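Examining the three-dimensional arrangement
Each chain, written out:
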Amino acid sequence: MKVATTPEVVSFEDFKKEVINDYKIAKISRECSLLGRKEVLTGKAKFGIFGDGKEVPQLALAKAFQNGDFRSGYYRDQTFMMAIGELNIEQFFAGLYGHTDINFDPMSAGRQMGGHFATHSLDENGNWKNLTQQKNSSSDISPTAGQMPRLLGLAQASKIYRNVSGINQTNFSENGNEVAWGTIGNASTSEGLFFETINAAGVLQVPMVMSVWDDEYGISVHARHQTTKENISEILKGFQRDENNKGYEILRVKGWDYPSLVETYQKASQIAREEHVPVLVHVQELTQPQGHSTSGSHERYKNADRLAWESEFDCLAKMKNWLIENNIATLEELDEIDTKAKKDVLEGKKAAWTNFTAPIKAEQQELVSLLNTIAAQSDNKVFIDKIANDIASIKEPIRKDLLVASRKALRMIIKENSRVNLASWIENYLEKIQPKFSSHLFSHSDKNVLNAKEVLPIYDASVEDVDARLVLRDNFDAIFSKYPETLIFGEDAGKIGDVNQGLEGMQEKYGELRVADVGIREATILGQGIGMAMRGLRPIAEIQYLDYLLYAIQIMSDDLATLQYRTAGRQKAPLIVRTRGHRLEGVWHSGSPMGMIINAIRGIHVLVPRNMTKAAGFYNALLESDEPALVIECLNGYRLKEKMPTNLGEFKTPIGVVETIKQGTDITLVSYGSTLRLVEQAANELESVGISAEIIDIQSLLPFDIHHDIVKSVAKTNRLLVIDEDVPGGASAYILQEIIENQKAYQHLDSAPQTLASKAHRPAYGTDGDYFSKPSTEDIFEKVYAIMNEANPTKYPSLY
């Protein structure tokens, strides 16, 4: 498919050729939508959501889109992707079928439903491609407005590249000349993420063009229920810039008016690219010919007048009429294009289906042959034959069919020699197929976090104890000096050097763009980080307190955590999220919702250092890796004393490795973060009653104890207690499963493994609130003592 472009000076013949090519692309896209819906309704595809009715404005957008630019859009942008040459017919249908081969479905290798688009920022080894020499699309997600925070960061990267000296821009930017292009449906502008991003982009003044595709509906709900005045650009008028105030350029255009659309998008591109200001393009009077998706028909909620209007103002019909009226093409020529588009799409669909089913049918034949061989010598021949015949009769099998059949057959031959052959086939098949669905949750490159080896802090002979925040501050200083592409931003992170002074003096030294204050808007703080990390920068996004992470957990979970997975390793965002939490007073500043976090953000490493030296070591290790991580500093540890290392910026805390901080023989105590200090105190007190406790600092919840060192301790002590300040059943349940089930520590236990967590409610205010809400030293002492009392009541008589 030829790419739509707009030369600066063209002859009429060249203009005519290009415009007709645009129409061809739009018509092919429409036919893909129409045939795609049929494929869903016939059962070949599970679900479909298409871009019909939005074709013509997307052609205009594609003309203004340049190499190096980034798209952050939503699931109706198929025409745009076709127009920039990044989606063809076969790929469209491969995505619809969920083809798990990235060579056929380069958007997600079948991991996302059709309509979710991406380009490859990385090669097959996880190395950056030259993003300035290609048109880029960040990987889509389904949650409405979820693309907005990331869009902000993609645009901000251009501002950083243009205004911060010393960064190696190779592969990533041409002096910040790139524009970030966002798209969204009008109904989704009701989401908070849209408004938060719009406000943040206006404050930051970044080169962002935000297109709103307005067809007056959100599924079945009319705009009068969605938007004040039923008009998003009308209510955003206050964002319009003027000669005295920075803001947005706001443009409106009809979605069926091809020449006006082209002119509007060229203007939007020029403003954003040259002036580095955000632009809102409100594309009005669009239609959605097939309704929202394959889950229903729009005839159920649109009246006859609306349906008639949509037929008349369909953007493709309007473009066709315009071509005829302006003598660019005849009706016969366009009808011929229409006919060929139908034929090409049908042939592309058939090819995609063949490519999708061929390997599965080969696997089907292989299994049937094996089952026939097994049946011939089995006491259960009749039953095995039936399974083989049933599998052979499936005209369009899926891999589930093959595994269900083979695993059922295996049960029938448990005591037969042929079991070995079938069991081997199943195991080999799973080993081959499972990665098609499960690979790349984390990086497969040589920069993954597990390759970051420990480097111990070095201390000189005259080392003195200092406030722990100074270790963190001076290490950040070393980081910013070592890595020009590194920057940090958050609430109060700039001028005052963060609320705990871990960045004291850094803004003055490195400037307001590298150490930046931001507004109170956690979701878009995360979005800034995601987008900038996707463009080769190394951002550290600071969330002031762990409790506030909940404002951003959706973006972390749906976007950042899934990015490598949903692109099968072809995009990455090595963002570091910095926060502080655990023990303090009050419902809103002392939470430790670790169970919620670790279960919501699989795909992001969760690191829980017990002190600032360990935290600094994590930052140093992460900046040598290419994976995202959350680092939770101990909120009550900044003023405690630690020794200042001499190798700042170089020492590294290993990720996924636990540390034994006290040897013992009677029981293994496992914890992390601020609670470790209480565990250490309790262990010292337990020594006075003859109980020797071994203490292990988890350090990293995700990944967890990759060397299985905790089970080695349990094998020695034969008892286990997990102490955690999350709610009961939170992180402690996860930790216990890792140790008991995955490390198989159950076989070494002489006592029941137990947990000690906080109360089920949020911590009450005040020092007493902390004592009565979270585990105390006394709680830990008495829990351990009770375990030992049960094991040896004579030696350890009951306390109560």
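Here the structure is a predicted model, which means the values were calculated and not measured. Residue numbers restart at each chain and count upward from 1, following the sequence in its written direction. pLDDT decides what is reported in this predicted model: residues at 70 or higher carry local features, side-chain atom pairs at 80 or more are listed and counted, and totals for whole chains, interfaces and linings draw on all residues regardless. Side-chain calculation: all heavy atoms of the structure are included, whereas hydrogens and water are not.

**Focus: the packing of aromatic side chains**
- Note on aromatic pairs: the rings of Phe, Tyr and Trp (six-membered ring only in Trp) are paired at centre separations within 6.5 Å, and the planes decide the class, stacked below 30 degrees, edge-to-face beyond 60, tilted for the rest. Tallied over the full model, the rule gives 27 aromatic pairs.
- For the ring pair Tyr258 and Trp322, a centre distance of 5.3 Å and an interplane angle of 50 degrees mean the geometry is tilted. Highlighted residues: Tyr258 in helix H8 (residues 258-275) and Trp322 in helix H10 (residues 315-325), separated in sequence by 64 residues. Taken individually, Tyr258 and Trp322 each receive the classification buried, so the pair is uniform in this respect.
- Note that Lys302 overlies the ring of Tyr217, its terminal NZ or CZ placed 5.2 Å from the centroid.
- Charges are assigned to positions over rings by a cutoff of 6 Å between ring centre and Lys NZ or Arg CZ, combined with an angular limit of 35 degrees from the ring normal. We note Lys318 situated over the ring of Phe313; from NZ or CZ to the ring centre the distance is 4.4 Å. Segments assigned H or I by DSSP are reported as helices when at least four residues long, segments assigned E as strands when at least two residues long, and all are numbered from the N terminus. Exposure classes here rest on a 1.4 Å probe applied to the protein chains alone. A residue is buried below 20% of its type maximum, exposed above 50%, and partly exposed in between.

**Examining the pairing of strand E8 (residues 279-284)**
- With six of six residues buried, E8 is to be regarded as a mostly interior element.
- Of the two faces of E8, both are covered, the one formed by Val279, Val281 and Val283 as well as the one formed by Leu280, His282 and Gln284.
- Of the strand pairs in this sheet, strand E4 (residues 208-213) and E8 are connected by five bridges, and their pairing is parallel. Bridge pairing in E8 places Trp213 opposite Val283.
- In this analysis, strands are considered paired if DSSP registers two or more bridges between them. With six bridges joining them, strand E7 (residues 249-254) and E8 adopt parallel strand pairing. Following the sheet pairing, Lys254 is matched in E8 by Gln284.
- For the crossover from E7 across H8 to E8, the handedness is right-handed. Place the viewer so that the strands point away; then a crossover is right-handed whenever the path from the first strand over the helix to the second strand goes clockwise.

**Considerations on helix H4 (residues 89-97)**
- Counted residue by residue, H4 has eight buried out of nine residues, so it is predominantly covered.
- Regarding H4, the residues found buried are Ile89, Gln91, Phe92, Phe93, Ala94, Gly95, Leu96 and Tyr97.
- In this description, contact between two residues means that some pair of their heavy atoms is separated by no more than 4.5 Å. The inward-facing, buried residues of H4 abut helix H1 (12-41), helix H3 (78-83) and helix H11 (331-376).
- Measuring from the backbone nitrogen of Glu90 back to the side-chain oxygen at the start of H4 gives 3.2 Å, which picks out Asn88 as the cap. Throughout this description, a polar contact denotes any pair of N or O atoms lying within 3.5 Å of each other; where both atoms belong to protein, one of them has to be capable of donating a hydrogen while the other can accept it, and for residues adjacent in sequence the pair is counted only when both atoms sit in side chains.

**Some remarks on the pattern of salt bridges**
- The term salt bridge refers to a side-chain nitrogen of Lys or Arg lying within 4 Å of a carboxyl oxygen of Asp or Glu. Under the defined criterion, the tally for this structure stands at 53 salt bridges.
- The residue Lys349 makes a salt bridge to Glu39 at a minimum N-O spacing of 3.8 Å. Of this pair, Lys349 sits in helix H11 while Glu39 sits in helix H1, and the two are 310 residues apart along the sequence. Like Glu39, Lys349 is buried.
- The salt bridge partner of Glu178 is Arg535, with a shortest N-O separation of 2.7 Å. Residue Glu178 is found in the loop between helix H5 (147-163) and strand E3 (180-185), and its partner Arg535 is found in the loop between helix H17 (522-533) and strand E12 (538-542); the two are separated by 357 residues along the sequence.

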